[in-house]
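# Working through the structure, step by step
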Amino acid sequence: MADASIDKTTEHETTERETDSEFDETDLSALQKDRLFRSIMANVADLIAVIDAQGYRIYNSPSYYRVLGYTSAELKGTWAYDKIHPDDQAQVLEAAAETLKTGIGKKLEYRMQHKDGTWRILESSGSVMRDDRGDVKNIVIVAHDISDRKKEQWERRRAERALEQSRQSYKDLVRREEMLNRRLASQIRNSLDLKTIIATAVNEVQDLLLIDLCNFFWYVPNTDPPEFQLVHYAVSHSSLANSVSYPLSRLTRVGQRLINQEIVQIQSVYTSSELDNVSRTILSESGFTSQLLVPVKTRSQKLGVIVAAHCQGSRPWSADEVELLQAVANQLAIAIDQAELFDSAQANANNAQAQALLIEQALADLQKTQSQLIQTEKMSSLGQLVAGVAHEINNPVNFIYGNLNHTNRFVRHLLEAIALYQKNYPEPVPEVAAFLDEIDLEFLQQDLPKMLTSMKIGADRIRQIVLSLRNFSRTDQEGRKPFNVHEGLDSTLLILQNRFKSYGDRPAINLTKRYGDIPMVDAYAGQLNQVFMNILSNALDAIDEAHADNNITSEISIITESSPPTEPNQQPMVAIRIIDNGNGIPEDIRKKLFDPFFTTKPVGKGTGLGLSISYQIVVEKHQGRLECFSKVGEGTEFRIEIPL
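Along each chain, numbering runs from 1 in the same order as the chain's sequence is written. Only residues with pLDDT of 70 or above have their local features reported here, since the model is predicted, and side-chain atom pairs are shown and tallied only from 80 upward, although totals for entire chains, interfaces and linings are computed over all residues. Processing note: side-chain calculations cover all non-hydrogen atoms of the structure and skip hydrogens and water entirely.

## Section: a nonpolar patch on the surface
Patch definition: residues with relative accessible area over 30% and no salt bridge; like charges joined within 9 Å; nonpolar side chains (Val, Leu, Ile, Met, Phe, Trp, Tyr) joined within 5 Å. The Shrake-Rupley method, run with a 1.4 Å probe sphere, supplies the accessible areas, and residue values consider only the shown protein chains as cover. Take a side-chain nitrogen of Lys or Arg and a carboxyl oxygen of Asp or Glu: if they are within 4 Å of each other, that pair is a salt bridge. A cluster of nonpolar residues, Phe435, Ile439 and Leu444, forms a patch on the protein surface that exposes about 240 Å² of accessible area. Helix and strand assignments follow DSSP, with helices taken as H or I runs no shorter than four residues and strands as E runs no shorter than two, numbered in order from the N terminus. In this structure, Leu444 sits in helix α12 (residues 441–472).

So this is what it looks like as structure tokens:
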């Protein structure tokens, strides 16, 4: 700041200043009266002023009038710094104080007010005037007007800045266009996933335009007021994560314009004419200050919206930025169309593939059903045949069995009568004696009762076989009924008993039955008997094959037991385990056992339908389970589980 000697003075200091000024003015008066001096001062372009140590003007050249509009009389005796711009006063006062102190002037630039109120820029330099003793008494200021020069400099700099800004803007535009073509267009066109396309576009726009937030919305059609669904967003930094929910659905007027496919530019939410008061309040309360909204219309007539938003300060959206975002919208619309076409084609392909799979499955089911129908018809015919044979056998067997008791009684009576004759007539006539010797009466009396007993046992056996045939050949025409599993197993074993006997060099097969205390099950009896027959026949075949390879003791075990509810089975089950000690089944074959028409038996000995149909009967008809456990060289176990 300036020294106190150049500030406005007190009354005492003013008296002293006037004395010094009179001295100075006296010194200058002689000079001013000189014609040469006056001629020089009148024609000099520079502003020349003499200022005393207190900062008051002693002399001002006539050029002040030409440059600043003041006459010498108007300036004389006034404070030299009152016309200087307030922002420049401090440096001028500081320079004046330093000049008074050191006697060395400084070069300065400052603004001085013209009489019309405008400001002129002066460039000045100072020097000092000393008294006879060499003390500094006054300051001489020489200044010239550089306003025009400064104006030219400013204009030139402004033009240079404008040119540089234009160049930079052009470079930015080129860069953005390049980024659009290289990054955005290539990325969204190379992807056929709709979500990926939208996410890529939103992220690139946010990075491309250097905005706080970018959102993409889908318009929900046929809604009043218009409703928009947010799909994806991108923010410039994590602090804006709470502001991602742009309230587009609440901006009724803006939404209607977007439906009309109009671009909406909002430089400032506080002053924009694009917004009504309600929308302005909603946006300002949500923290948004400036927006650019561009609609995206696809070929499928779906309407999307890209929202570029600022959360701090207004932003004038340039024509280049609007054009750039419109180009993004066009690229995005094309990419969305491609994605929708791809999705449609893929959906059609999937539908076609699904239809093909359905047809393939239907064909497999048809083949399976056909094979089952054939087998069912075969079993039905066989059952009818067996039932007919059993019925035809049953009638004479019942006749024989029923008359055997009477025959036995009659024969016993005849033998008793003969015994009475022998007792009362011990000496028969020669003819009778000869006949008795011929027929060996004594042997006949002993063997005939035994023969009748054997006949009764045989007839009873025939009756049991017929009953087993009738039980096995049930047709299940009346649906499910309570079924005694043990009776079904015994009937099947009775029919197959001949295969358990020894023949040739193969010994008899040991059968072990461990029947548990199980209840009756609600089942199709004839079909379960068919399952038992198929599995037991396969077990017998496996043992025959094993005996051909190894001379081992053949065994088949049948175990029945109750199975409590488990996590896979939520209800109690009856389990039937049929185990043989054959060669076992390799894993690759075991996985195919229940496939239709799969068989390892030679042609003519197997159709590949037995286990397949058994699986359908147990699993599909009875909602049970049929599993096979086997180890090569150790035998095989089939486990049947039927729900109660």
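Now that the structure has been shown, the text picks up again.
## What to know about the nonpolar core
Buried residues of nine kinds, namely Ala, Val, Leu, Ile, Met, Phe, Trp, Tyr and Cys, make up a nonpolar core once their side-chain atoms join them within 4.5 Å. Exposure is judged per residue with a 1.4 Å probe applied to protein chains only, and the accessible area is read against the type maximum: over 50% gives exposed, under 20% gives buried, and values in between give partly exposed. Core analysis: the biggest nonpolar cluster contains 37 residues, and Phe483, Val485, Ile535, Ile556, Ile576, Phe638 and Ile640 have the highest contact counts within it. Looking at which element gives the most residues to this core, the answer is helix α15 (residues 525–549), with 10 residues. In this view, Ile556 contacts Phe500, Ile509, Asn510, Leu511, Thr512, Leu536, Ala539, Leu540, Ile543, Ile579 and Asp580; residues no more than four positions away in its chain are not counted. Counting residues in hydrophobic clusters, the runner-up holds 29 residues, among them Val205, Cys214, Trp317 and Leu325. Here, two residues are considered to be in contact whenever any of their heavy atoms come within 4.5 Å of each other.

## A short note on the packing of aromatic side chains
Whether two aromatic rings pair depends on their centres lying within 6.5 Å, for rings of Phe, Tyr and Trp, where Trp uses its six-membered ring; planes under 30 degrees apart make the pair stacked, over 60 edge-to-face, and the rest tilted. Under the defined criterion, the tally for this structure stands at four aromatic pairs. Residues Phe216 and Trp218 carry aromatic rings whose centres are separated by 5.1 Å and whose planes lie at 90° to one another, so their mutual orientation is edge-to-face. The residues Phe216 and Trp218 share a single accessibility class, namely buried. The criterion for a charge sitting over a ring is simple: Lys NZ or Arg CZ within 6 Å of the ring centre, and within 35 degrees of the ring normal. The lysine or arginine in question, Lys302, covers the ring of Trp218, its NZ or CZ lying 4.2 Å from the ring centre. Positioned over the ring face of Tyr524 is Lys621, at 6.0 Å from the centre of the ring.

## Observations regarding helix α5 (residues 86–102)
An expected span of 1.5 Å times one less than the residue number is assigned to each helix. Across its 17 residues, α5 extends 25 Å between first and last C-alpha, which sits within 8% of the 24 Å expected from 1.5 Å per residue. If you check which residues of α5 are buried, you get Asp88, Val92, Leu93, Ala95, Ala96, Ala97, Thr99 and Leu100. On its buried face, α5 sits against β3 (108–113), β4 (119–130) and β5 (136–145).

## Examining helix α8 (residues 252–259)
Listing the buried residues of α8 in full gives Val254, Gly255 and Leu258. Looking straight down α8, one finds that the buried residues subtend no more than 100° of arc, so they occupy a single side. Residues of α8 that are buried make contact with β7 (227–235), β8 (264–266), β9 (290–297) and β10 (303–310). Just downstream of α8 lies Gln261, where phi reads positive at about 60°. As used here, the arc is the angular range of directions from the helix axis to the C-beta atoms.

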